[in-house]
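# Architecture at a glance
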Amino acid sequence: MFFQRIKTKGLGHNAYVLGCGEGLAVVVDPRRDVDDYVKLARDNNLRIAYVLETHRQEDFEFGSQSLSDITGAKIVTGTHALFDRSDVRLADGEAFQVGTTHFVALATPGHTPESMSYAVYPKDTGKTCWAVLTGDCLFVGDTGRTDLPDPNKTGENAGLLHDSVHQKIAPLGDQALVLPAHGSGSACGGNISERDDTTVGIEKATNPVFKMTREEFMSLKCSEQMPRPPYFTHMEQVNLMGGRALASHFAGRVLTPREFQEKMQEGVVIDTRPPEAFAGAHIQDSYNIWLEGVATFGGWIADEKTKIFLVVGQPEQAAMAIAALARIGIDSVQGVLCKGVEAWREAGLPIETLGTTSAQEAGRWIAQEAVHVLDVRDEMEWTEKHIPGAIHTYVGYLEDNLPPVPKNSRLVVHCSVGHRSGLAVSILRRHGFTAVFNMLGGIKAWETLALPLEASA
């Protein structure tokens, strides 16, 4: 049986291509740009016959309809009303055959009401389940968040999710591989393991959903405080249509420095270089989102209507950044700066710099009471451990919740290693803070030096 996981960096997204015998293949939860799936199938002499959707994804735009248009594949979903444009609709427990492989649809609500999983039985495993495609029901070491459909029903949804895992997934057997729609880095789970591979048996031994009672698990999920990116709402809407084809200007337009300077006033500038490079020289009022963070944080500072102008470190990175934005439904890149900041400075155009610091130096400043500290990690990271006396605001909320300190005071900003704080210091400079410093190495460097940390009550 042919099997390959296709990961999307930045989103923590997993799609799967399964060769099901007789030259037929199934693609599970494809992202919007589908060329990788088409090429993989073609290179392995497979025809994509079906596209399986586990649920209406919130954090990326589906490629189901595009893949169907290109290959003629039929879209397979559950029967919930939110799946309103599929070709094959399967009720809980209903089976279907692709080539020599048997699939059984399992309704597994909790993360979202329409969530489905699919148990997979290749010909040579008989009645023994080889794997289960769990969507966002069960992750490696974690489960999907339960607050998205309605934050007021987080606990109720968690109870449904606990039931789904125990009643539908667990009976498939310890040997069954668990193939979730997301891995580490996804916004749909707060504590997903960095491992990709697991089984039902391993999860039974390690995953909180199997170690806790229903009531304990409900309490755990209610205590999670995960940020909800604003672009999730847009994703829910466009995914009702199975996603949209990529825009015709997908490759982006290259602009000279003078053209870029003139046009960038119409929207926002996103600089995708690492925070160290951005600190050394950047265009005034630009946002710093490192390349692999564009798919996540681009949707915090822009939406589908925002005109975006890109700065990249290398020419080939422009296509990567444009693709990352397209995957979260943003097609509004208006141009890319030709030759980047190097060409900008050589054209004699104005540049800005930002301060950086180390954990060691920041520690000295704190000891001298000569600095404010802003932690821009998420609530769960903050609760686990943080620098005593620090202010906390998640980077996604920072633009609307600026720190209550004088704008000319020394302000050290940190996250776990320095990427999110790179975005944070760029936001603060846009809002007039003049002495901000990105603590490179973040809390990891701080911890390595055994500097003081505390946990929230």
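For the structure, see preceding data.
Residues numbered from 1 in each chain as written. Predicted model: local features only at pLDDT ≥ 70, side-chain atom pairs only at ≥ 80, totals over all residues. Heavy atoms only, no water.

Our focus in this paragraph is the side chain of Arg377. Among the structural elements, Arg377 can be located in the loop between strand S18 (372-375) and helix H14 (379-384). Of note is the side chain of Arg377, whose polar atom sits 2.8 Å from the side chain of Asp375. Setting aside residues no more than four positions away along its own chain, Arg377 makes contact with Trp382, Lys385, His386, His392, Tyr394, His414, Cys415, Ser416, Arg420 and Ile443. (Helix = DSSP H or I, 4+ residues; strand = E, 2+ residues; numbered from the N terminus. Polar contact = N/O pair within 3.5 Å; in protein donor to acceptor, adjacent residues only side chain to side chain. Contact = heavy atoms within 4.5 Å.)

With that settled, the discussion passes to the sheet that holds strand S1 (residues 3-8). Strands sit in the order S1-S2-S3-S4-S5-S6 across an open sheet of six strands; the sheet is mixed. If you trace the sheet from one side to the other, it starts and ends with S1 and strand S6 (88-90), each paired once. In this sheet, neighbouring strand axes are inclined to one another by 20 degrees on average, regardless of whether the strands run parallel or antiparallel. Pairing of strand S3 (residues 24-28) with strand S4 (residues 47-52), which is carried by five bridges, proceeds in the parallel orientation. By the bridge assignment, Val27 is partnered in S4 with Val51. Helix H1 (residues 35-43) contacts S1, strand S2 (13-19), S3 and S4 of the sheet and is inclined by roughly 25 degrees relative to S2. On the sheet, helix H2 (residues 64-71) packs against S3, S4 and strand S5 (74-78) and is oriented at approximately 155 degrees with respect to S4. (Pairing = 2+ DSSP bridges. Axes fitted to C-alpha atoms, helices over the stretch in contact; angles between N-to-C directions.)

Of the residues making up H2, those classed as buried are Ser64, Ser66, Leu67 and Ser68. The elements touched by buried residues of H2 are S3, H1, S4 and S5. At the exit of H2 stands Gly72, carrying a positive phi of roughly 80 degrees. (Buried < 20%, exposed > 50% of the residue type's maximum accessible area, 1.4 Å probe, protein only.)

Right, let's get into the pattern of salt bridges. In the structure shown here, the tally under the stated rule is 25 salt bridges. Asp92 is paired through a salt bridge with Lys168; the nearest N and O atoms lie 3.1 Å apart. Of this pair, Asp92 sits in the loop between S6 and strand S7 (95-98) while Lys168 sits in helix H3 (residues 154-169), placing them 76 residues apart in sequence. Looking at Asp92, the relative accessible area reads 42%, which means it is partly exposed. Notably, a salt bridge pairs Lys385 with Glu447, separated by 3.0 Å at the nearest N-O pair. With Lys385 in the loop between H14 and strand S19 (391-392) and Glu447 in helix H16 (residues 442-448), the pair connects residues that are 62 residues apart, well separated along the chain. When salt bridges that share partners are traced, they join Arg31, Asp33, Asp36 and Arg327 into one network. (Salt bridge = Lys/Arg side-chain N within 4 Å of Asp/Glu carboxyl O.)

What follows deals with the packing of aromatic side chains. Evaluation of the coordinates by the stated rule reveals 13 aromatic pairs. These aromatic residues form a ring-pair network of at least three members: Phe3, Tyr16 and Trp130. One Lys or Arg, Arg410, reaches over the ring of Trp365 and ends 4.0 Å from the middle of that ring. (Phe/Tyr/Trp six-rings, centres within 6.5 Å; stacked < 30°, edge-to-face > 60°. Lys NZ or Arg CZ within 6 Å of the ring centre and 35° of its normal.)

Counting 52 residues, the largest nonpolar core has Ile289, Phe297, Ile308, Leu310, Val413 and Leu428 as the members making the most contacts within it. Once residues within four sequence positions are removed from consideration, Leu428 is found in contact with Leu374, Leu398, Leu402, Pro403, Leu411, Val413, Phe433 and Val436. If you look at the next biggest cluster of nonpolar residues, it comprises 22 residues, including Val76, Met116, Ala131 and Leu179. (Core = buried A, V, L, I, M, F, W, Y, C linked by side-chain atoms within 4.5 Å.)

Take the environment of Val376 next. Relative to the helices and strands, Val376 resides in the loop between S18 and H14. For the pair Val376 and Asp174, spaced 202 residues apart in sequence, the C-alpha to C-alpha distance is 40 Å. When residues no more than four places from it in sequence are discounted, the contact partners of Val376 are Thr393, Tyr394, Val395, Val413, His414, Cys415, Arg420, Ser421 and Ala424.

Right, let's get into the packing of helix H10 (residues 294-301) against helix H11 (residues 317-326). Running from N to C, H10 and H11 cross one another at 65 degrees; their axes reach a closest spacing of 8 Å. Here H10 and H11 pass one another in a crossing that is right-handed. Between H10 and H11, the contacting residues are Val294, Ala295 and Gly298 on the first element and Ala321, Ala324 and Leu325 on the second. For the contact of H10 with H11, the residue count by class is five nonpolar, one polar and no charged. (Left-handed = near helix turned anticlockwise from the far one by under 90°. Nonpolar A, V, L, I, M, F, W, Y, C, P; charged D, E, K, R; others polar.)

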